[in-house]
Amino acid sequence: MILGGLYEGVITYVDLKDYGDFGLGTFEGLDGEMVALDGNFYQIKSDGVAYPVDDDMTSPFACVIFFDADREIPVWKGLNYTQFQDYLGGSTQEKNVFHAVKIEGTFGYVKTRSVPGQEKPYPPLVEVTANQPTFEFHDIEGTIVGFYYPDYVEGLNVPGYHLHFITEDRTAGGHVLELY
Ligand SMILES: [Zn+2]
């Protein structure tokens, strides 16, 4: 499990693609942030750049689905990440159901992080993220890909929203830390 420092890949990307065309995750050794969108898989490395994912690469953690929107709601510029989560949460009746979130548009600001690949013995995630490179995007067109995890996932995953971002030209992105 990721939080405790088990970063060995347990599934190849070629197999993961059987489970979905949309989602997020990471790579063996925690080598960057994964974004899957429209069946294309990207590895956003610690330089903030999005690289194509090879089928034989592996992941210790990923969450993917075949995305098919059940409902669509408008989101406007100016909501910060906290307000944005409240707004999305308020629009969702089912707090105990996992759901996928896809947000397309132009964002006033997005701050992301990625993490450099780690060597064994793997350090805990809090140590890795203590020195994480961060990236800032202004007036940027792109897509946010993510999931909402209910409170009962505590211990298995982090409850709440987990969002990754990729630019419209699919060249950069990362794990979302802030946006408005
Ligand atoms: Zn992430």
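Parameters and conventions
Residues numbered from 1 in each chain as written. Predicted model: local features only at pLDDT ≥ 70, side-chain atom pairs only at ≥ 80, totals over all residues. Heavy atoms only, no water. Pairing = 2+ DSSP bridges. Helix = DSSP H or I, 4+ residues; strand = E, 2+ residues; numbered from the N terminus. Axes fitted to C-alpha atoms, helices over the stretch in contact; angles between N-to-C directions. Contact = heavy atoms within 4.5 Å. Donors = N, O, S within 2.8 Å, 3.2 Å for Na, K, Ca; no water. Buried < 20%, exposed > 50% of the residue type's maximum accessible area, 1.4 Å probe, protein only. Salt bridge = Lys/Arg side-chain N within 4 Å of Asp/Glu carboxyl O. Arc of directions from axis to C-beta. Polar contact = N/O pair within 3.5 Å; in protein donor to acceptor, adjacent residues only side chain to side chain. Core = buried A, V, L, I, M, F, W, Y, C linked by side-chain atoms within 4.5 Å.

Considerations on the sheet that holds strand S7 (residues 62–65)
For step 1, the next point in the chain: Taken together, 5 strands build an open sheet; the order of strands is S5-S4-S3-S2-S7 and the sheet is antiparallel. Of all strands in the sheet, those with a lone pairing partner are strand S5 (50–52) and S7, marking the two edges. Neighbour-to-neighbour, the strand axes of the sheet open up by a mean angle of 25 degrees, direction not taken into account.

As for the environment of His 175
For step 1, the next point in the chain: Inspection of the secondary structure puts His 175 in strand S11 (residues 173–179).
For step 2, the next point in the chain: For the pair His 175 and Val 101, spaced 74 residues apart in sequence, the C-alpha separation works out to 14 Å.
For step 3, the next point in the chain: Ignoring anything within four residues of it in the chain, the contact list for His 175 reads Glu 33, Lys 111, Thr 112, Arg 113, His 162, Leu 163 and His 164.

Let's talk about the coordination of the zinc ion
For step 1, the next point in the chain: Taken together, the protein donors to the zinc ion comprise His 162 (NE2), His 164 (NE2) and His 175 (ND1), at separations of 2.0 to 2.1 Å.
For step 2, the next point in the chain: One chain supplies every donor for the zinc ion, spaced along it as H-x1-H-x10-H.
For step 3, the next point in the chain: For His 162, a relative accessible area of 15% corresponds to the buried category.
For step 4, the next point in the chain: On the basis of relative accessible area, His 164 is assigned to the buried category, the value being 0%.

Some words on the pattern of salt bridges
For step 1, the next point in the chain: Per the counting criterion, the structure on display carries 4 salt bridges.
For step 2, the next point in the chain: The salt bridge partner of Glu 8 is Lys 120, with a shortest N-O separation of 3.4 Å. Here the residue Glu 8 occupies a position in the segment before strand S1 (11–12), and Lys 120 occupies one in the loop between strand S8 (99–113) and helix H3 (125–130), the gap between them amounting to 112 residues.
For step 3, the next point in the chain: Given the relative accessible area of 55%, Lys 120 is considered exposed.
For step 4, the next point in the chain: Across the salt bridge formed by Lys 17 and Asp 55, the nearest N and O atoms sit 2.8 Å from each other. Within this pair, whereas Lys 17 is found in the loop between helix H1 (13–16) and strand S2 (22–26), its partner Asp 55 is found in the loop between S5 and strand S6 (58–59), the two being separated by 38 residues in sequence.

Brief notes about helix H2 (residues 81–90)
For step 1, the next point in the chain: Among the residues making up H2, those that are buried are Tyr 81, Phe 84, Leu 88 and Gly 89. For H2, the buried positions fall inside an angular range of 130 degrees around the axis, keeping them on one side. Opposite the packed face of H2, turned more than 90 degrees from it, sit the exposed residues Thr 82, Asp 86 and Gly 90.
For step 2, the next point in the chain: Check the buried side of H2 and you find it contacts S8, strand S10 (160–167) and S11.
For step 3, the next point in the chain: Where H2 begins, the capping side chain belongs to Asn 80, and its oxygen is found 3.0 Å from the backbone nitrogen of Thr 82.

Let's talk about the nonpolar core
For step 1, the next point in the chain: If you look at the biggest cluster of nonpolar residues, it comprises 19 residues, and the most contacted ones within it are Phe 84, Val 110, Ile 144, Phe 165 and Val 176.
For step 2, the next point in the chain: Contributing elements (two or more residues each) for this core: H2, S8, strand S9 (134–149), S10 and S11.
For step 3, the next point in the chain: At 5 residues, the largest contribution of residues to this core is made by S9.
For step 4, the next point in the chain: Setting aside anything within four residues of it in sequence, one finds Phe 84 in contact with Val 75, Leu 79, Ile 103, Leu 163 and Leu 179.
For step 5, the next point in the chain: Listed in part, the 14 residues of the second largest apolar core include Leu 24, Tyr 42, Val 145 and Val 153.

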